[in-house]
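Observations on the three-dimensional arrangement
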Amino acid sequence: MRILLTSNAPHLPPRGGSTRSNLAWLTMLASRGHECRVVAPAARGETPEQAERLRMDIEEQGLEAHPAGADPALGADVVRYGAITLYLVRDPARMRAALQAQIAEFAPAWVLVSSEDLGQVLLQEAHRSAPGRVVYLAHTPQMFPFGPYSLNPHPRGAALVAGAAGIVAIGLAMAGYLEQHLGRRPAVIHPPVYGPGPYPRREPDEDGWITMVNPCAVKGISIFLALARRFPAWRFAALRGWGTTAEDLRAMEQLANVTLLPKVKDISTVLRRTKILLMPSLWPEGFGLIVMEAMLHGVPVLASDQGGLVEAKADTRYVLPVRPIERYRTVFDENRLPAPVVPEQDIEPWAGALEELMSDADLYRREAGAARAAAEKFVAGVRPGALEEFLAALEPAGAPAVAERPAPGSAARLSAERRALLAARLREQRKPRESV
């Protein structure tokens, strides 16, 4: 099969669960003889500081990506990542045209549209250019055009998702959300990001960091900082991610007991030195890959009760309450993400759980063992070839009607706040960006 994946999230370097999952799926498909391509924006920095951070990300992760030239007609760099060819579009305003051209030239059997497509522009083009051959990869509920978690709910976008030949959810929580708010039951396919094993296990009696990955507002950096201040004698660590801003970095640098970690090619490098992982997300997660990866190493996880994190915890202890983000301002941060209004948090449940695990060695060993056992059981059920089997058995669908513009009145049904947020997002997407 020829398979084309598209997303409005940069894929090199991969910066989150969705992009890591997509590349893991395509790597598996390519290893089985399928020809795979990606059309995605090129990663770039808006300021010299961001450009340097991006360069360091690529260098620190040791990405084995090889330039394969450029496509001037698409304004894209062409890169080989293993057996996958990526078209990295330098101007986000040209993403739709690049997708259209690649579908025409490559003639894929299936076009996989990742949910990181807030306005469903790529999904609409995929339906138009590859009618009946569109598969929706449901990673990030905030990017879905339906349901209470959506940043931009609208009926036209929901119809485009519902009209896909297939829908893939990364976990049971997201499958239930899709069924409830879209009316379609998706296939649940866990991405093969964990590798074949055996999995390294850290010694429970060793010292280590209290670690947070991707510290930023939506991921709960406010709780991480409050805990670091509460327990100045304990060592905390933070691995910068796609949402981390310069302001977040400055806040962490002010705390003597917080270590800022460089990016790594293999997350095991960090997890082997981590005693407890914090995942205090303030928005619903699609699943929580890092939670499962930490538990697989025998690292207990304190996770919030948001979205798929409960599922990723696999019935282990320490699922803790937070006050979730409910509103976003109509401005964007330096990472082009909507700035959330973060509610004040009660850190007492988090402080109590952390103190319990850090002060009771027997309890810690039991929880580390339970986490490891639960993760091993889960990973044993992940079938690397599941997406291949799903696509091979899938039948093309009747394509939904694709309108050039939203249906009359659809914008009016959005709240004033969400209309302003969407308008600001679209303005941001149209801004030219300098290459790195």
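Calculation notes
Note on numbering: residues in each chain are counted from 1, in written sequence order. At least 70 in pLDDT is required for a residue's local features to be given in this predicted model, at least 80 for side-chain atom pairs to be given and counted, and no such filter applies to totals for whole chains, interfaces and linings, which use all residues. Note: side-chain values were computed over all heavy atoms of the structure, leaving out hydrogens and water. Counting from the N terminus, the helices are the DSSP runs of H or I reaching at least four residues and the strands are the DSSP runs of E reaching at least two. Think of it in three bands: residues with accessible area under 20% of the maximum for their type are buried, residues over 50% are exposed, and the middle band is partly exposed, with areas taken using a 1.4 Å probe on protein chains only. Any two residues whose heavy atoms approach within 4.5 Å are treated as being in contact. Here the open area of atoms and residues is found with the Shrake-Rupley method and a 1.4 Å probe, where only the protein chains shown may cover a residue. For Phe, Tyr and Trp, where Trp contributes only its six-membered ring, two rings pair if their centres lie within 6.5 Å, and the inter-plane angle classes them as stacked under 30 degrees, edge-to-face over 60, or tilted in between. In this scheme, the term charge over a ring applies when either NZ of a lysine or CZ of an arginine sits within 6 Å of the ring centre and within 35 degrees of the ring normal. Summarising the geometry, the arc corresponds to the directions from the helix axis toward the C-beta atoms. For our purposes a nonpolar core is just a set of buried Ala, Val, Leu, Ile, Met, Phe, Trp, Tyr and Cys residues, chained together by side-chain atoms within 4.5 Å. Fitted lines through C-alpha atoms serve as axes, helices being fitted only where they are in contact, and the angles separating the N-to-C directions of these axes extend from 0 to 180 degrees. These descriptions rest on fixed angle ranges, namely under 35 degrees for roughly parallel, over 145 for roughly antiparallel, 65 to 115 for roughly perpendicular, and the rest for oblique. When residue character is reported, Ala, Val, Leu, Ile, Met, Phe, Trp, Tyr, Cys and Pro are called nonpolar, Asp, Glu, Lys and Arg charged, and the others, Gly included, polar. Paired strands, in this sense, are two strands between which DSSP finds at least two bridges.

Secondary structure assignment for the chain yields 15 helices and 17 strands. Per-residue burial over the chain gives 56% buried out of 436 residues. Nonlocal contacts in the chain, meaning residues at least 24 apart in sequence, comprise 69% of its contacts between residues at least 6 apart. Accessible surface, the chain: about 18000 Å² in total, of which carbon and sulfur atoms supply 52%.

Next up on the list: the packing of aromatic side chains. All told, the structure shown has 10 aromatic pairs when counted by the stated rule. Summarising the aromatic geometry, the rings of Tyr 149 and Tyr 177 are spaced 4.8 Å apart at their centres and angled 15° between planes, so their arrangement reads as stacked. One end of the pair, Tyr 149, is in the loop between strand S7 (134-138) and helix H5 (155-162); the other, Tyr 177, is in helix H6 (residues 172-182), with 28 residues separating them in the sequence. Relative accessible area serves as the criterion here: at 5%, Tyr 177 is assigned to the buried category. Counting every residue linked through ring pairs, the aromatic cluster contains Tyr 136, Phe 144, Phe 146, Tyr 149 and Tyr 177. A cation over a ring is seen here: Lys 275 above Tyr 364, with NZ or CZ 4.0 Å from the ring centre.

Within helix H8 (residues 246-253), the full set of buried residues consists of Ala 246, Asp 248, Leu 249 and Met 252. Axial view of H8: buried residues confined to an arc of 160°, hence all on one face.

What follows deals with the nonpolar core. Counting residues in hydrophobic clusters, the biggest one holds 62 residues, and the most contacted among them are Leu 26, Leu 112, Val 135, Tyr 194, Leu 387 and Leu 391. The leading source of residues in this core is helix H10 (residues 289-296), at 7 residues. Those residues in contact with Tyr 194, other than ones at most four positions away along the chain, are Tyr 199, Phe 287, Leu 289, Met 292, Glu 293, Leu 296, Phe 378, Val 379 and Val 382. Listed in part, the 40 residues of the second largest apolar core include Leu 118, Leu 255, Val 258 and Tyr 328.

On to unusual backbone geometry, then. For Ala 107, which is not a glycine, the phi torsion comes out positive at approximately 50°. Tracing the sequence through the fold places Ala 107 in the loop between helix H3 (95-106) and strand S6 (110-114). Accessibility expressed as a relative area gives 45% for Ala 107, which makes it partly exposed. Notably, Ala 314 is not glycine yet its phi reads approximately 55°, a positive angle. Structurally, the position occupied by Ala 314 is in the loop between helix H11 (309-312) and strand S15 (319-320). Classification of Ala 314 by relative accessible area gives partly exposed; the value is 25%.

Glancing now at the packing of helix H12 (residues 348-359) against helix H13 (residues 361-380). Between H12 and H13, whose axes approach to 5 Å, the crossing angle comes to 100°. Our classification of the angle between H12 and H13 gives roughly perpendicular. Mapping the contact onto sequence places Glu 356, Leu 357 and Ser 359 in H12 and Ala 361, Leu 363, Tyr 364 and Glu 367 in H13. A breakdown of the residues in the contact of H12 with H13 according to their chemical character gives 4 nonpolar, 1 polar and 2 charged.

This part covers the sheet that holds strand S12 (residues 258-261). Across the sheet, 6 strands lie side by side as S12-S11-S10-S13-S14-S15; this open sheet has parallel pairing. The outermost strands of the open sheet, each flanked by one partner alone, are S12 and S15. Pairing of strand S10 (residues 209-213) with strand S11 (residues 236-239) involves 4 bridges; the strand directions are parallel. Bridge assignment links Met 212 to a residue of S11, and that residue is Ala 238.

Pairing analysis gives 6 bridges linking strand S4 (residues 76-81) to strand S5 (residues 84-89), with the strands arranged antiparallel. From the neighbouring strand, Val 79 faces S5, where its bridge partner is Leu 86.

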